[in-house]
Amino acid sequence: MDWFRNIMMPPQGSAYAGEVDFVYMSLFWMSVVLFLGIAIPAVYFAWRYYYKPGRVTPHITHNTFLEITWSVLPLLLCVGIFFWGLKGWMEYAVAPGEAMEVQVTAKKWLWQFEYPDGTRTVGDLHVPINKPVKFVMTSEDVLHDFFVPDMRVKHDLIPGRFTEVWFNPTVMGKHIITCAEYCGKGHSDMRGTLTVESDADFAKFLETGGTEWEDYKTHMQDWGKIQWERKGCNSCHTYDGATSKGPTWKGIWGSTVELEGGGKVVVDEAYLRESMINPQAKIVKGFQPIMPTFQGLLRENEIQGLVAFIKSVQ
Amino acid sequence: MDYNVTTMAVQTGPVSSAPSRPKKHYLNETKGFKSWACTLDHKRIGVMYLVGVLFAFMLGGTFALLVRLSLMTSKHMLFGKVLMTAEQYNRAFTLHGAIMVFLFIIPAVPGSLGNFVLPLMLGAKDVAFPRLNLASFYLWVTGAVMALTTLVLGAVDTGWTFYTPYSTTTEGPVTLMTGAAFVLGFSSIFTGLNFIATVHKLRAPGMGWFDMPLFIWGIYSTALIQVLATPVLGITLVLLMLERAFGIGIFDPRIGGDPVLFQHFFWFYSHPAVYIMILPGMAIISELIPTFSHKTIFGYRAIAYSSVSLALVSFIVWGHHMFVAGQSQLATVVFSALTFLVAIPSGVKVFNWLSTMYKGNISLEAPMLYAISFLILFAIGGLTGIFLGTLSTDVLLTDTYFVVAHFHYVMMGGTVTAFIGGLHYWWPKMTGRMYSEAWARIACVLYNIGFNMTFLTQFFLGSKGMPRRYYNYLDQFQPLHQFSTFGSWILGLSLFMTLAYLLASLRKPMDAPENPWGGTTLEWATSSPPPTSNFLEQPVVEREPYDYRPVVAAK
């Protein structure tokens, strides 16, 4: 009967999806039987007892046994279905402890994902196959709902609050992410792509920091400005000339700066790169040696972006 | 004219006794606009309500057809032009929902049929507080005017649920729209209060609680919910308006509020409101089935108690709208368990109606056709409710078209079907005229075809993962959407036909007998249409309701 299930259900992306579908299909067939149990008598009685003038109908006021039976049996059935639904739901509600955490931030009308290593993407979610992933979610504006039909999970995202949902993908390939809580004009276009891939592909994905930077390939200075905020450069460096704990970036490119302890250096690509990876090597005169190293925290494309950004703020 | 109910009780089939109509009845006793606008007669107020809610139904239906038309293709193109933009679409479905819920389906049966029939069934001259009754109608008119004014001011796009923080931050006349719902809430409270007092105090001599027609039990249960639940909606909407107008942080987290709190408040009313909608429908069916089966109702007390218990249970299941909305997990589990309780009294009613038909003498005039349609459509609506009450499947199905299909089967397949059935049933009593039976049967068949085409499809859309309130959708859903849209045209056509032949019947002279269907309740013991005072002589009840035994045998 798989073909019949496929008519009604989305493709299955996890083992959990299979469990939900089994409950759904069981309820479906039970409902078909109960429906016929109501519809057939309704139609049959109308035909069998069709009106004949003068026929006197029996005066049947009630039947206690029957009435108790059709109250108690559905009640028992309902109790059973409740516990069955509860069993599946417990699995949905509690993420395994070892699950990888991905932060989800929704806003009108996009999904932003952030991985444990700081990698961020927009609308493009990658997860390794056969590993549980937990999504810790919040919204920046109105309610949204993170819905992955193939995984049979959804949950609202609420501004000012964190909610969670998780799944364990078992089917390689692309799946749809879609918003299920009305959020205005772009509600129906608030989609994302979930790519379930091998461990190797996922590792490669993290290495390049996701695919977000590819959107900035032609204007890397914007990518750099984003990093200036995300990586925390902005807490010590300004780009408008204002003084702060570190030298301002405005006009620094190509200039010659004096160093603490004597000496001069021209601010070029090599010096900027060295200052990010090994900031204590050459301190600009008048500043404290307080900058931590960003070795391992900045990817190649991010360094290039920052350099491009510093170049651009003349 | 001598009306003595003890002798009218038994007619075992459609009766075409010669009309015994007094020259003066409630329609022609006084004339002119003022005699209607200032009337205190429950029958005239009922008729005015009927005109009003039917107008709202047409308006809401027009928006529904527009929404369906826009969804016919994923590009929203019609004759090479874009029919609606996303913003227009969002306004259209919001208006469809808000008009249908607040202006049509909540007041529909109690306001129109309830107002007209309830005092007649009780053997009373009027409701307990006729002025309050008229006030209720004018509040409805005020609310309707406010709601329609929002149309001119650009309309709201919040969905009928007004979820925060979207509703507190979006553009548009949201405050006016919620104000309209607030005023309409009071209209509903006044009607409910009036009916409770009327049922308690104005029953005919000899009519004990368990001698009341089951319609009264249903309307009485409805009235309890209207009085107890509606104030919560009123308070919630006032809080919403305060937040929008003065920036008081109640629901918007940016100013210290809690959006989930709004959902709790909202559904604390709006779930019971579902029963404000369906209980009157069930109440009508409990009249239609024994009358057209010409057989006593099976399990009178069980049906009466099930109405009251549905009213009570309706107050403790609101959280099932919020399984994935961020309420506590314990609450989710408890609400799921409680939700299943709803199935029991609903099932009892259905089984009792079927047992009433068993060994009956069933004539299939239009009201009975609608009653049988109700049984079938409500069965689908009820059974699909199980999928949504069950936690693991609800997580997939909630916020999808499955929910849309489910509540249309209950609200439209249930309540509206019963409402149309009831309208046909009491039409001769209200207007003194018989409608065209042939046209009525054709329309009923079309109604069923159109309805199922429109909404059965949507279960499949939903379980396949199509979220609701979507303007754009994936191409794979287009065939089902198209089929649904075609169905909506047939459905619209059938309703239009119904309106046409009902109105056409008004052009001919009064021809309805006082009891065209062989009913046993008191409204059939007076002329069609009834005199202004309802009965020329105070009726006295000496037999149980729905007693189809020959008079001799009963003595």
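Residues numbered from 1 in each chain as written. Chains lettered and ligands numbered in written order. Predicted model: local features only at pLDDT ≥ 70, side-chain atom pairs only at ≥ 80, totals over all residues.

(A) Just the overall build of chain A, in detail. When you go through chain A residue by residue, the secondary structure sums to seven helices and 12 strands. Relative to a compact globule of 314 residues, whose C-alpha radius of gyration would be 20 Å, chain A shows 31 Å and is clearly more extended. Judged by the C-alpha coordinates and their principal axes, chain A covers about 120 × 35 × 30 Å. Taking all 314 residues of chain A together, the buried fraction comes to 32%. (Helix = DSSP H or I, 4+ residues; strand = E, 2+ residues; numbered from the N terminus. Rg over C-alpha atoms; globule rule 2.2 N^0.38 Å. Buried ≥ 20, exposed ≤ 12 C-beta atoms within 10 Å, placed from the backbone.)

(B) Spatial organisation of the overall build of chain B. Regarding its fold elements, chain B presents 18 helices and two strands. Relative to the 2.2 N^0.38 estimate, which gives 24 Å for 555 residues, the radius of gyration of chain B is 23 Å and therefore close to what a compact globule would have. Considering only C-alpha atoms, chain B reaches an extent of 70 × 50 × 45 Å along its principal axes. By the burial criterion, 60% of the 555 residues in chain B qualify as buried. Within chain B, residue pairs in contact and separated by at least 24 positions form 85% of the contacts whose partners lie at least 6 positions apart. (Contact = placed C-beta atoms within 7 Å.)

(C) Region of interest: the packing of helix 4 (residues 86-122) of chain B against helix 7 (residues 174-201) of chain B. All names here are of chain B. Relative orientation of the contacting elements helix 4 and helix 7 amounts to 20°, with a least axis distance of 11 Å. Judged on the interaxial angle alone, helix 7 and helix 4 are roughly parallel. Handedness of the crossing formed by helix 4 with helix 7: left-handed. Facing helix 4, whose interface residues are A98, F102, L103, I106, P107, P110, G111, G114, L118, P119 and L122, helix 7 presents M177, A181, L184, S187, S188, T191, F195, T198 and V199. For the contact of helix 4 with helix 7, the class distribution of residues is 14 nonpolar, six polar and no charged. (Axes fitted to C-alpha atoms, helices over the stretch in contact; angles between N-to-C directions. Parallel < 35°, antiparallel > 145°, perpendicular 65-115°, else oblique. Left-handed = near helix turned anticlockwise from the far one by under 90°. Nonpolar A, V, L, I, M, F, W, Y, C, P; charged D, E, K, R; others polar.)

(D) Quick look at the sheet that holds strand 9 (residues 173-179) of chain A. All names here are of chain A. With mixed pairing, the five strands of this open sheet are ordered in space as 4-10-9-6-7. Only two strands of the sheet have a single neighbouring strand rather than two, namely strand 4 (124-128) and strand 7 (153-157). The mean angle between the axes of side-by-side strands here comes to 25°, regardless of whether they run parallel or antiparallel. Here strand 6 (residues 144-148) pairs with strand 9 via two bridges, running antiparallel. Residue F146 lies in a different strand from strand 9, and its bridge partner there is C179. Sitting on the sheet, helix 4 (residues 199-207) is in contact with strand 4 and strand 10 (191-197), with an inclination near 135° to strand 4. (Pairing = 2+ DSSP bridges.)

(E) Region of interest: the pairing of strand 6 of chain A. Residues and elements named next belong to chain A. Across the five residues that make up strand 6, a large majority, five, are buried. Taking every second residue as pointing to the same face, both faces of strand 6 are buried, with H144, F146 and V148 on one and D145 and F147 on the other. Across five bridges, strand 6 lies against strand 7 in antiparallel orientation. Across the sheet, D145 pairs through a bridge with D156, a residue of strand 7. Adjacent in sequence and paired antiparallel, strand 6 and strand 7 are bridged by four residues, among which R152 carries a positive phi angle near 60°.

(F) View of helix 5 (residues 130-152) of chain B. Residues and elements named next belong to chain B. With 23 residues, helix 5 ought to run about 33 Å at 1.5 Å a step, and its terminal C-alpha atoms sit 34 Å apart, in line with that. Those residues of helix 5 not exposed but buried are N133, L134, S136, F137, L139, W140, G143, A144, A147 and T150. Tucked inside the fold, the buried residues of helix 5 contact helix 3 (42-70), helix 4 and helix 7. Within two residues after helix 5, G154 carries a phi angle of roughly 110°, on the positive side. (Expected span 1.5 Å × (residues − 1).)

(G) Focus on the interface of chain B and chain A. Contacts between the two partners involve 74 residues from chain B and, on the opposite side, 69 residues from chain A. Across the side of chain B that touches chain A, the residue classes break down as 43 nonpolar, 23 polar and eight charged.

(H) Region of the structure containing the sheet that holds strand 2 (residues 110-114) of chain A. Residue and element names in this part refer to chain A. In spatial order, the strands read 3-2-1-5-8; together these five strands make up an open sheet with mixed pairing. Every interior strand has two partners, whereas the edge strands, strand 3 (120-122) and strand 8 (163-167), have only one. Here the strands of the sheet are splayed against their neighbours by 25° on average, with no regard to which way each runs. Of the pairings in the sheet, the one linking strand 1 (residues 100-107) to strand 5 (residues 133-139) comprises seven bridges and is parallel in character. Opposite E101, over in strand 5, you have K134 as the bridge partner.

(I) Fine view of the nonpolar core. If you look at the biggest cluster of nonpolar residues, it comprises 226 residues, and the most contacted ones within it are I216, A371 and L375 of chain B. Sort the elements by how many residues they give to this core and helix 4 of chain B lands first, with 22 residues. In terms of nonpolar packing, the next biggest core, distinct from the first, is built from six residues, W228, C233, W249 and F309 of chain A among them. (Core = buried A, V, L, I, M, F, W, Y, C linked by C-beta atoms within 7 Å.)

(J) Structural detail: the packing of helix 4 of chain B against helix 5 of chain B. Residue and element names in this part refer to chain B. Put simply, helix 4 and helix 5 touch, their axes get as near as 12 Å, and they point 160° apart. By the angle between their axes, helix 4 is roughly antiparallel relative to helix 5. Pair helix 4 / helix 5 crosses with left-handed handedness. Two secondary-structure elements touch here, helix 4 through A98, I99, L103, P107, G111 and N115 and helix 5 through N133, W140, A144 and A147. Looking at the contact of helix 4 with helix 5, its residues break down into seven nonpolar, three polar and no charged.

(K) Highlighting the environment of L474 of chain B. Structurally, the position occupied by L474 of chain B is in the loop between helix 16 (437-463) and helix 17 (478-505). Along the backbone, L474 of chain B and F129 of chain B are 345 residues apart, and their C-alpha atoms lie at a distance of 55 Å.

(L) Broad picture of the confidence of the model for chain B. Residues and elements named next belong to chain B. For chain B, per-residue confidence averages 92 on the pLDDT scale, and 95% of positions sit at 70 or higher. Of the regions scoring below 50 in pLDDT, residues 1-17 engages in 48 contacts with residues more than four places distant in sequence or in other chains. Predicted complex, confidence summary: ipTM 0.92, pTM 0.90. (pLDDT = per-residue confidence, 0-100.)

(M) The arrangement of unusual backbone geometry in detail. Note that the residue after K108 of chain A, namely W109 of chain A, is joined by a cis bond; omega there is -10°. Along the polypeptide, W109 of chain A turns up in the loop between strand 1 and strand 2. That bond from T164 of chain B to P165 of chain B is cis: its omega, -5°, falls within 30 degrees of zero. Its place among the elements puts P165 of chain B in the loop between helix 5 and helix 6 (166-169). Phi angles above zero are rare outside glycine, and K359 of chain B is one such case at about 60°. Along the chain, K359 of chain B falls in the loop between helix 12 (343-357) and helix 13 (366-389).

(N) Geometry of the environment of D21 of chain A. Residues and elements named next belong to chain A. Looking at where D21 falls in the secondary structure, it is placed in helix 2 (residues 15-48). By C-beta crowding, D21 is classed as buried, having 23 other C-beta atoms within 10 Å. Spatially, the C-alpha atom of D21 lies 31 Å from that of G184, the residues being 163 residues apart in sequence.

(O) Summary view of helix 5 (residues 220-230) of chain A. Buried within helix 5 of chain A are the following residues: M220, W223, G224, K225, Q227 and W228 of chain A. Among the structural elements, helix 7 (300-312) of chain A are those in contact with the buried residues of helix 5 of chain A.

(P) Spotlight on the environment of A229 of chain B. All names here are of chain B. Its place among the elements puts A229 in helix 8 (residues 214-246). Each C-alpha atom, one on A229 and one on G185, is 9.6 Å from the other, the two residues being 44 residues apart in sequence. Among residues more than four places away in sequence, those in contact with A229 are Y269, P272 and A273.

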